Amino acid sequence: MVRVRGLRTQFGTHVVHNGLDLDLRPGEILGIVGGSGTGKSVLLRSIVGLEQTQGGTIEVLGRRVGDPADPARRALQQQWGVMFQDGALFSSLTVRENVEVPLRAVPGLADEQRQALAELKVSMAGLPWTANATYPADLSGGMRKRAGLARALALDPQILFLDEPTAGLDPIGASAFDRLIVTLRDALDLSVFLVTHDLDTLCACCDRVAVLAERKVLTTGTMAQMQKVDHPWVHQYFHGPRARAAAGKD
Amino acid sequence: MQLDVTKGDPAVPDLSIQQDGARVVLTGQLVVWTLHRLSPVPAAATLDLAALEGLDTAGAWALAQRQTAGGCVTGLSQRHATLLAAVTAALPAPQQAPLPPPGWHQALEETGRQVVGALVYLKELVGYLGRSLAALGRALRRPGRFPLTALVHHCQETGLRAVPIVAVMSFLIGVVLAFQGADQLRRFGAEIFVVDLIAISILRELGILLTAIIVAGRTASALTASIGSMKMRQEIDAMQTLGLDPDMVLILPRVLALVLMLPILGLVSALTGLLGGAIMSWVELGISPAVFLRRLDELSIGHAIVGLSKAPVFALIIGVIGCHAGMRVGKDAESLGRMTSAAVVSAIFAVIIADAAFSIFFARLGL
């Protein structure tokens, strides 16, 4: 679904990625982990074309991204949905109107149909019906994330990019969100690119994990394979007390 | 799953519908892009989906709608059936919205709300005035707690930085008054009275009023924006938990800086206005600066005192409205913008109302 080869990103003289390779396979949930400042979010932003890259190729669904002049870019954008860390909802619109924004690009869709579809997406993201008419400022952090997810799913994308979906949620809300991601993946046949710090999320929903360190993807594999990787940072990450607690719970 | 880029192109997804008696055969993609094609098909028809290639939640939603309307769906593949089941399970149950009250009722209610809102706003403004005075009282009792650095900083921001614009504006007002006045007064041969015209209007009214309006635009917006962004990022909550008093740390230095600086700005404005008027009188009417000054001497100093005595009141109004609007900013960026522009409009409006009240007051006193 996503193929990254030899990616190089830098800000000024600070090199974030150098020779980074990564694959997202159809139907899987890929977790991206790494220490702070290793460029997890930058990688996500580069793939969806929000960040200028200095080298390498990024292909999504077999098509190069990063060329803003490409007429197929819009079509490609409709094939992915992005959920930003705090939902990034438009604050002047209600939740339902937020979800309607991408649907407005669809020709021939009647107003009532669009509203009903938006309400369906809000409901699928696990929000109560009353949330539809609420403005983002009046929602809790978890509900804003769910609303952001509903908007990302509005056009039934094939790929879903999630940036720290469970950051700032309480453990109950976070595990409910983990379950939601898996449920939606199964129901909608999504491929999910998930940037996270949360070991519980990694255990609960990721099929594979990619570790970002030393400016590239250090290693990828299942959680079980990660336990055996012999690299100081990876070892520390997956064998720390929190990792053991997360694994023990499963 | 097949990697299928063409599916993404809005022009490409296609749905063909073949009517076969009561049965309707769908082939192609039943997705959000092709949903409108399905509309003409009667809701009760039996849909045969055995040849359907693609189905998304929008398509599944349409099928679910048809099922509840008595339609029948056959030939779903395993994957599509799962999706349809998931969508059916997630169908929102709309709750009945309360009926809107009749029009006149609503209008009455709206008017009442606005009146109450305006009264509450006034009450809150008086509350903020009281809070800043109380903070001033506390600062007088314990001078060590007074944020002197902040006061000096705000004096520089609201006072010194405003000098150029206030000076230029007043100079031009003086020029305009002299120019217009000269034209009218020359017809009566009363050119010398242009000095009275300029002096009285600038010293008494225009100098301080226009300065207050400029400061209201400059400083009220800055106050709201600075306090509002601190409120948005919970800095004010943090202050309170650390035992810092927001009234003392934020409001008092800002309001006090305005109260100290606005009279000075008013004086600057009066002087530059007179300068502009004098220069224009000299050029246009041949009234030399010496004559201008002598004529000015004969006027009562009362005009200048009346003008400058309004300055602290205007300053209080601007400061209190700006700080109050800043404190009312919510969590979203939109409210910051809304409160900032509301603060400027209310401050200018309030300054003009206060000026009118002063006119009546001084007229009654005979000043």
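Cut-offs used in this document
- The numbering scheme is per chain: residues are counted from 1 as the chain's sequence reads.
- Both sets of labels track the order of writing: A upward for chains, 1 upward for ligands.
- Local features in this predicted model are restricted to residues of pLDDT 70 or higher, and side-chain atom pairs are both shown and tallied only at a pLDDT of 80 or more, whereas totals for entire chains, interfaces and linings draw on every residue.
- No hydrogens and no water enter the side-chain calculation; it runs on all heavy atoms of the structure.
- Secondary structure follows DSSP: runs of H or I at least 4 residues long count as helices, runs of E at least 2 residues long count as strands, and numbering of each begins at the N terminus.
- In these tables, accessible area is a Shrake-Rupley quantity obtained with a 1.4 Å probe, and a residue counts as shielded only by the protein chains included in the view.
- The contact definition used throughout considers only heavy atoms, calling two residues in contact when any of these lie within 4.5 Å.
- A pair is scored as a salt bridge if a Lys or Arg side-chain nitrogen falls within 4 Å of a carboxyl oxygen belonging to Asp or Glu.
- Polar contact criterion, stated in full: a pair of N or O atoms within 3.5 Å, where within protein one must be able to donate a hydrogen and the other to accept it, and residues adjacent in sequence count only if both atoms are side-chain atoms.
- Residue polarity is assigned by list, with Asp, Glu, Lys and Arg as charged and Ala, Val, Leu, Ile, Met, Phe, Trp, Tyr, Cys and Pro as nonpolar; anything else, Gly included, falls into the polar class.
- At least two bridges found by DSSP between two strands is the condition for calling them paired.
- Only C-alpha atoms enter the line fits that serve as axes; for helices the fit covers just the stretch in contact. Angles between N-to-C directions range over 0 to 180 degrees.
- Pairing of aromatic rings covers Phe, Tyr and the six-membered ring of Trp, with a centre-to-centre limit of 6.5 Å; geometry is then stacked below 30 degrees between planes, edge-to-face above 60, and tilted otherwise.
- Partly exposed describes any residue whose relative accessible area lies between the buried limit of under 20% and the exposed limit of over 50%, with all areas from a 1.4 Å probe on protein chains only and scaled to the type maximum.
- Ring-over charges, as used throughout, are those where CZ of Arg or NZ of Lys falls within 6 Å of the ring centre and within 35 degrees of the ring normal.
- Should an angle fall under 35 degrees it is called roughly parallel, over 145 degrees roughly antiparallel, and 65 to 115 degrees roughly perpendicular, with every other angle called oblique.
- Remark: nonpolar core denotes a set of buried residues (Ala, Val, Leu, Ile, Met, Phe, Trp, Tyr, Cys) joined through side-chain atoms within 4.5 Å.
- Residues qualify for a patch when their relative accessible area is over 30% and they have no salt bridge, like charges being joined within 9 Å and the nonpolar side chains of Val, Leu, Ile, Met, Phe, Trp and Tyr within 5 Å.
- Helices are assigned an expected span. That span is 1.5 Å times one less than the residue count.
- One axis is fitted to the seven residues ending at the residue and one to the seven starting there. The bend at that residue is the angle between these axes.
- Residue-level confidence of the predictor is summarised by pLDDT, bounded by 0 at the bottom and 100 at the top.
- Handedness of a helix crossing follows the sense of rotation of the near helix relative to the far helix, less than a right angle counterclockwise being left-handed and clockwise being right-handed.

**Student:** Tell me what's going on with the overall build of chain A, and back it up with residues and numbers.
**Tutor:** When helices and strands are tallied, chain A shows ten helices and ten strands. Carbon together with sulfur atoms contributes 50% to the accessible area of chain A, which is approximately 10,400 Å² in total.

**Student:** Which residues make up the interface of chain B and chain A, and what values go with them?
**Tutor:** Contact residues are listed per partner, giving 29 residues for chain B and 32 residues for chain A. At the junction of chain B and chain A, the tally comes to one salt bridge. Salt-bridge contacts for B:R79 lead to A:D189; the nearest nitrogen and oxygen are separated by 3.7 Å. Counting the contacts that link chain B with chain A gives two residue pairs in polar contact (both at pLDDT 80 or more). Taken together, the elements giving at least two residues each to the side of chain B that touches chain A come down to α1 (35–38), α2 (57–68) and α3 (78–90) of chain B. Tallied by class, the residues present in the side of chain B that touches chain A amount to 17 nonpolar, five polar and seven charged.

**Student:** Could you give an account of unusual backbone geometry, with specific residues and numbers?
**Tutor:** Of note in the backbone geometry, A:R215 takes a positive phi value of approximately 70° without being a glycine. With respect to the helices and strands, A:R215 occurs in the loop between β9 (208–213) and β10 (216–221). Positive phi outside glycine occurs at B:Q234, with the angle close to 65°. Its place among the elements puts B:Q234 in the loop between α7 (194–232) and α8 (235–241).

**Student:** So, the sheet that holds strand β2 (residues 14–24) of chain A: which residues are in play, and what are the values?
**Tutor:** All names here are of chain A. Across the sheet, four strands lie side by side as β2-β1-β4-β5; this open sheet has antiparallel pairing. In the strand order of this sheet, the two ends are held by β2 and β5 (63–64), each with one partner. Of the pairings in the sheet, the one linking strand β1 (residues 2–11) to strand β4 (residues 55–60) comprises five bridges and is antiparallel in character. Each bridged residue has a counterpart across the sheet, and for V2 the counterpart in β4 is V60. Of the strands in this sheet, β1, β2 and β4 touch helix α1 (residues 40–47), which is tilted by about 115° from β1.

**Student:** Explain the packing of aromatic side chains residue by residue, including any values.
**Tutor:** When we look at a pair of aromatic rings, we describe it by the centre distance and by the angle of the planes. Summed over all chains, the structure comprises seven aromatic pairs over all chains. With centroids separated by 5.0 Å and ring planes inclined at 65°, the aromatic side chains of A:Y237 and A:F238 adopt a geometry described as edge-to-face. For A:Y237, a relative accessible area of 13% translates into the label buried. Assessed through its relative accessible area of 2%, A:F238 is described here as buried. Where B:F358 meets B:F362, the ring centres are 5.7 Å apart and the plane angle is 15°; that geometry is what we call stacked. Here B:F362 and B:F358 lie together in helix α13 (residues 333–365), a separation of four residues that amounts to about one turn. In this structure, A:R151 packs its charged tip against the face of A:F90, placed 4.6 Å from the ring centre. The ring of B:Y128 carries the charged tip of B:R131 above its face, separated from the ring centre by 4.6 Å.

**Student:** Any details on the packing of helix α11 (residues 302–309) of chain B against helix α12 (residues 311–327) of chain B? Residues and values, ideally.
**Tutor:** Residues and elements named next belong to chain B. Where α11 meets α12, the axes come as close as 5 Å, and the angle between the chain directions of the two elements is 15°. As the angle between them shows, α11 and α12 are arranged roughly parallel. Here G307, L308 and S309 of α11 lie close against α12, whose contacting residues are A311, P312 and V313. Class assignment of the residues belonging to the contact of α11 with α12 gives a composition of four nonpolar, two polar and no charged.

**Student:** An account of the nonpolar core is requested, with residue identities and associated values reported.
**Tutor:** Residues A:L117, A:L149, A:L202, A:F238, B:L26, B:L30 and B:V32 are the most contacted members of the largest nonpolar core, which totals 80 residues. Sort the elements by how many residues they give to this core and helix α6 (residues 171–188) of chain A lands first, with seven residues. Setting aside chain neighbours within four positions, we find A:L117 in contact with A:L103, A:L109, B:V32, B:L35, B:A58 and B:W61. Among the nonpolar cores identified, the runner-up in size contains 38 residues, and B:A212, B:V255, B:I318 and B:A347 belong to it.

**Student:** Go over a nonpolar patch on the surface, please, and point to the residues and values.
**Tutor:** Together, B:L275, B:I279, B:W282 and B:V283 make up a nonpolar patch on the protein surface, roughly 420 Å² of accessible area in all. Checked against the element boundaries, B:L275 lands in helix α9 (residues 246–285).

**Student:** Give me the lowdown on the sheet that holds strand β7 (residues 159–163) of chain A, citing residues and values where you can.
**Tutor:** Through backbone hydrogen bonds, the strands of a sheet pair up, either in parallel or in antiparallel fashion. Residues and elements named next belong to chain A. Taken together, six strands build an open sheet; the order of strands is β6-β7-β8-β3-β9-β10 and the sheet is mixed. Taken across any chain shown, the strands that pair with only one partner, and hence form the sheet edges, are β6 (80–83) and β10. If you compare each strand with its neighbour and ignore which way they point, the axes differ by 20° on average. The sheet contact formed by β9 and β10 spans five bridges and is antiparallel.

**Student:** Describe in detail the environment of A:Q225, supporting the description with residues and values.
**Tutor:** All names here are of chain A. By the secondary structure assignment, Q225 is in helix α8 (residues 223–228). Placed 17 residues apart in sequence, Q225 and R208 show a C-alpha to C-alpha distance of 9.3 Å. A polar atom in the side chain of Q225 sits 2.8 Å from the backbone nitrogen of T222.

**Student:** I'd like to hear about α9(B), residue by residue, with values.
**Tutor:** All names here are of chain B. Taking 1.5 Å of rise per residue, the 40 residues of α9 would be expected to cover 58 Å, and the 55 Å separating its terminal C-alpha atoms lies within 8% of that figure. The sharpest bend along α9 reaches about 35° and sits at L252, with the proline P253 one to four residues further on. The N-cap of α9, judged by a side-chain oxygen 3.1 Å from the amide nitrogen of D247 a few residues on, is D245. Downstream of α9 by one or two residues, G286 has phi in the positive range, about 70°.

**Student:** Can you tell me about the confidence of the model for chain B, naming the residues and giving the values?
**Tutor:** Residue and element names in this part refer to chain B. Residue-level pLDDT values for chain B average 87, and 95% of them are 70 or greater. Confidence, expressed as mean pLDDT per element, reaches its minimum in chain B at strand β1 (residues 15–20) with 80 and its maximum at α12 with 94. Here residues 1–10 is modelled with pLDDT under 50, and outside its nearest four sequence neighbours on either side it reaches 20 contacts, counting other chains as well. Taken together, the chains of this predicted complex give a pTM of 0.67 and an interface ipTM of 0.78.

**Student:** I'd like a rundown of the packing of α7(B) against α13(B), residues and numbers included.
**Tutor:** Residues and elements named next belong to chain B. It is at 8 Å that the axes of α7 and α13 come closest, and there the two elements cross at 150°. The angle between α7 and α13 falls in the class roughly antiparallel. The two elements α7 and α13 meet at a crossing, and its hand is right-handed.

**Student:** Explain the confidence of the model for chain A residue by residue, including any values.
**Tutor:** Summary statistics for chain A give a mean pLDDT of 84 and a share of 96% for residues scoring 70 or more. Confidence, read as mean pLDDT per element, is least for helix α10 (residues 241–249) of chain A in chain A (71) and greatest for strand β8 (residues 191–195) of chain A (90).

**Student:** Give me the lowdown on the pattern of salt bridges, citing residues and values where you can.
**Tutor:** Residues and elements named next belong to chain A. Taken as a whole, this structure holds 25 salt bridges over all chains when the rule is applied. Across the salt bridge formed by R45 and E51, the nearest N and O atoms sit 2.7 Å from each other. A residue is classified by how much of its surface remains accessible, and R45, at 31% relative accessible area, is partly exposed. Overlapping salt bridges, with partners in common, bring together R96, E100, R104, D111, R114 and E119 in one network.

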